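Chain and residue survey
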Amino acid sequence: MIDKALEDSIKEQFASPDLQACGAILLRWLEDLAEGGAENDKESIANRADLVFGAFELKTTSAT
Amino acid sequence: MSVNVKIVKITSKNLRCPDYVIDFAGSDGNPCPVVLLQMPNGTGKTTTLELLRAAFAGETILTDPYKDYVDKDCIEGQFQVDFTNNSLPYTITMKFNSDSNGLEYNTTRPNIGISKGHFVPSELKPFFRPDFVKLFVFDGELAVQLMDRKRTNANTAIESLFQLNEFNHLIQNIEAYYEQKTVNSSSNTDKGVNRWKNKRDKLKARQSKVLDMYSKDKDLLESIKLHLEHLKEEYADRLKMNSELKDKMNSALKQKTIAKEKVALYRKEVFDIIKAPYTIHEKFAQEILELKSNFDQAKLPESAAREFFVELATNEDRCICGTELTSALRQAIHDRSINYLGSEDMAYINTLKTSVSENVSPIMGAHSKHLDEQLALLNSAILEEQQAENEISQVDIEGRLDDPDLGKVSEAIKKDELQMREIEARLEKYERNDDNGSEDELFSISVLKKELEWARFKVAEITKTIELKEKRDLLCQKLRAARDIARRKLALQICEEANERISVLMPFNDIRLDKIDQSLHLRNKAGGSEGETLSVAYAFLSTLFNRAEVSLPFIVDSPANAIDLAVRTQVGGFVPKLAQQVIAFTISSERENFISGLKKTAKEKSREVKFITLFKNGPDELVKLAEGQVDFVKSRNGFMVTGESFFNQFQQNSEAE
């Protein structure tokens, strides 16, 4: 578990409907890192980052 | 909770404090939530706290690395901390040697066992850093440092406890992913992509232009060929009228065709011969033969390749002579193998030598003689072709005299043939497979196609990289913003909660926290008294430890010593709330008002309090009193009594408080 302040700050930054999925993936990643449960090898990081970059809608973000 | 540390036991032997094994277990066998450890001044409280910090943080935290912690009557001493993290047991042992002034760590970990050195589980690393250990094995000086604007202890505490550093970890992962994805990309800038876009567009325009020119030239060539055919037919028809001239022309044309074929054949042969340099000049032949001779004299290539020695040094137990291969011999063979040629080099030299033997004659003039013969044949064929041309021209002149229109047809044929050669030269430029120059100067259709494909690939690649870069930049920007917002919110909330605690601790004092950034800032005040500073620090740390998802023990020296009697009850009541495990080192003069407040809160919170008194030798009455207790342990140089009654009765006259 991470403190609510951390959770809220991510949700706030990724509040746009197009970015909520990306924010959720990042939040989960942050929680796993904080819990010590996130794999730290290159492949696992790449898999997580693939999801983050894939869910990150550039057009919406650039426009906002 | 990923971090839940409890101290189970600390052991001291042959050090400058009494030998002891302090067991922090409560009546249920688990670490007791509140332990009061009464140690008179001079018993080694400071030493014990220093060693506790060094056990968690490593020896770098020791302020004086040359301080001798070993008892003056001993050479070796040992300090050991047994603790659990999420119920998993760990032991850190520090062994001191006063002769060598040495300190050696041993760490015992679950599933690993004992290891030489100081090893901290990864999840505890942020909290077992020297600056953080001073927060929970509380150093009185830290209370002042928390309010020092030049220091960052308050910020460090918040960052570590609330794991704000994990935002940085996340950002690092995202940056590493981008680097990995774009490692082969040549550019990630708009300038880079625009340069390739310009190149692509120029190539596209040039390709379109060249294809158009190529198509037009091909059509033109076809029409000229057709026209030429008609002209030649007309020429032949006109020549037919004079049978003698017709026969002469046919014969000359036949001779020209045969001579042309001969020229092509001998020219090819001459070119084939002069490809080998030794045929051009005798000096080349001599030098090549000398090279082979030098190889032979140097006995190159050798009979064994480098790989043989590498294989021998790496995989064999014995040398080919039967000698056992030691690591030194292996290294020597390996090092010297570099003096031998590799198998690929050997094969190359062998091929070279064979080729020289088979092709280069040692007889002087042999190669130049052959070339001269072929050149003579070529010259003769060229001469025959010229003679045939002359014959054709002669017939043409005679024919024009006989028929003036034949001349006109002949001129038209020559004109068409010239134009045809020019077009064919241009077509050759379009159809060849090599070309160089800028985008506007290329003619080769295949080169243009390849260049255009490459430019399109680069545009796509850089565009993708730019998109990834934009995503990375925005993601990192948002994560940094999220981290800063979280830090600000936490600082604000902790400030408010800490102020509530301060108001309980010191209801008649208006000292309050104004804000927390790198350090704690007091409202309308630069600093407070020793007691005020300590109370503010407790309030701050208590708020931190109670809010965070991290549970660490809180170990404090003389928690009430600097605090006025009037507020000691409040401070005492506050101590059990500081953390899930609180160990307070006290002296007898602190008990007044402090213990009552502490016990009251402990009772309210259903927290057991363990009372331990530790002292070196004292007056007979004190020793007798101690020996009369149920839980009494006598060590080489001290006494340890567990129990509230003795704790409250204990008073050492020599205690300098």
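Residues numbered from 1 in each chain as written. Chains lettered and ligands numbered in written order. Predicted model: local features only at pLDDT ≥ 70, side-chain atom pairs only at ≥ 80, totals over all residues.

**Section: the overall build of chain B**
- A tally of regular secondary structure across chain B gives 20 helices and 15 strands.
- Going through the 657 residues of chain B one by one, you find that 30% of them count as buried.
- For chain B, restricting intrachain contacts to residue pairs at least 6 apart in sequence, the fraction spanning at least 24 positions comes to 73%. (Helix = DSSP H or I, 4+ residues; strand = E, 2+ residues; numbered from the N terminus. Buried ≥ 20, exposed ≤ 12 C-beta atoms within 10 Å, placed from the backbone. Contact = placed C-beta atoms within 7 Å.)

**So, the overall build of chain A**
- For chain A, the helix and strand inventory stands at four helices and zero strands.
- Listing every helix and strand of chain A by position from the N terminus yields α-α-α-α.
- Of all intrachain contacts in chain A linking residues separated by at least 6 positions in sequence, the fraction that spans at least 24 positions is 61%.

**Description of the environment of A:Leu26**
- Looking at where A:Leu26 falls in the secondary structure, it is placed in helix α2 (residues 20-35).
- Between the C-alpha atom of A:Leu26 and that of A:Lys11, which follows or precedes it by 15 residues, the distance is 9.7 Å.
- Apart from residues lying up to four places away in sequence, A:Leu26 is in contact with A:Ile10, A:Phe14, A:Val52 and B:Leu170.

**Considering the nonpolar core**
- Counting residues in each nonpolar core, the largest one holds 124 residues, and the members touching the most others are A:Leu30, B:Leu37, B:Phe540, B:Phe554 and B:Leu578.
- Among all residues touching B:Leu578, those that are not within four sequence positions of it are B:Tyr538, B:Leu541, B:Ser542, B:Phe545 and B:Phe554.
- B:Leu245, B:Met249, B:Ala252 and B:Ala259 belong to the second-largest nonpolar core, a separate cluster that totals 11 residues. (Core = buried A, V, L, I, M, F, W, Y, C linked by C-beta atoms within 7 Å.)

**Re the interface of chain B and chain A**
- In this complex, chain B contributes 28 residues to the contact, which on the side of chain A involves 25 residues.
- Of all the elements in the fold, those that place two or more residues in the side of chain B that touches chain A are α5 (165-181) and α15 (445-505) of chain B.
- Looking at which element gives the most residues to the side of chain B that touches chain A, the answer is α15(B), with 14 residues.
- Looking at the side of chain B that touches chain A, its residues break down into 13 nonpolar, seven polar and eight charged. (Nonpolar A, V, L, I, M, F, W, Y, C, P; charged D, E, K, R; others polar.)

**Section: unusual backbone geometry**
All names here are of chain B.
- The omega angle of the peptide bond from Leu300 to Pro301 is -5°, so this bond is cis rather than trans.
- With phi around 50°, Asn86 is a residue other than glycine that occupies positive phi space.
- Tracing the sequence through the fold places Asn86 in the loop between β4 (76-85) and β5 (88-97).
- Taking the number of C-beta atoms within 10 Å as the measure of exposure, Asn86 has 13 and is therefore partly exposed.

**Digging into the sheet that holds strand β14 (residues 631-634) of chain B**
Residue and element names in this part refer to chain B.
- Here we have six strands laid out as an open sheet, ordered β11-β12-β3-β13-β15-β14, and mixed in their pairing. Sheet topology places β11 (554-557) and β14 at the edges, where each strand pairs with a single neighbour. Each neighbouring strand pair of the sheet contributes to a mean axis angle of 15°, computed without reference to strand direction. (Pairing = 2+ DSSP bridges. Axes fitted to C-alpha atoms, helices over the stretch in contact; angles between N-to-C directions.)

**Brief notes about the packing of helix α10 (residues 306-315) of chain B against helix α11 (residues 327-336) of chain B**
Residues and elements named next belong to chain B.
- Between α10 and α11, whose axes approach to 9 Å, the crossing angle comes to 160°. Judged on the interaxial angle alone, α11 and α10 are roughly antiparallel. As α10 packs across α11, the resulting crossing turns out to be left-handed. Two secondary-structure elements touch here, α10 through Phe309, Val310, Leu312 and Ala313 and α11 through Arg330, Ile333 and His334.
- Among the residues forming the contact of α10 with α11, the class breakdown is five nonpolar, one polar and one charged. (Parallel < 35°, antiparallel > 145°, perpendicular 65-115°, else oblique. Left-handed = near helix turned anticlockwise from the far one by under 90°.)

**Focus: the environment of B:Asp237**
- Looking at the element boundaries, B:Asp237 is found in helix α6 (residues 190-240).
- Distance from B:Asp237 to B:Leu406, taken between C-alpha atoms, is 9.7 Å for residues 169 residues apart in sequence.

**Section: the confidence of the model for chain A**
Residue and element names in this part refer to chain A.
- Scored by pLDDT, chain A has a mean of 84; 88% of the residues are at 70 or more.
- Of all helices and strands in chain A, the one with the weakest mean pLDDT is helix α4 (residues 58-63) (51), whereas helix α1 (residues 4-13) scores best (94).
- Segment residues 60-64 is flagged for pLDDT under 50; beyond a separation of four residues in sequence, or across chains, it makes six contacts in the model. (pLDDT = per-residue confidence, 0-100.)

**Comments concerning the pairing of strand β2 (residues 20-23) of chain B**
Residue and element names in this part refer to chain B.
- Direction of pairing for strand β1 (residues 3-13) relative to β2: antiparallel, over a ladder of four bridges. Within β2, the residue paired with Thr11 across the bridge is Val21.
- Where β1 folds back on β2, the antiparallel hairpin that results is connected by six residues, among which Asn14 adopts a positive phi of roughly 60°.

**Regarding α1(A)**
- Every buried residue of α1(A) is listed here: A:Ala5, A:Leu6, A:Ser9, A:Ile10 and A:Gln13. Looking straight down α1(A), one finds its buried side chains confined to an arc of 135°; they lie on one side.
- Structurally, α1(A) contributes buried residues whose contacts are with α2 of chain A together with α15 of chain B. (Arc of directions from axis to C-beta.)

**Overview of the pairing of β1(B)**
Residue and element names in this part refer to chain B.
- Across two bridges, the pairing between β1 and strand β10 (residues 550-551) is parallel. Looking at β10, one finds that Asn4 is bridged to Ser551.
- Note that β1 and β4 share eight bridges and pair antiparallel. The partner of Thr11 across the bridge, within β4, is Gln80.

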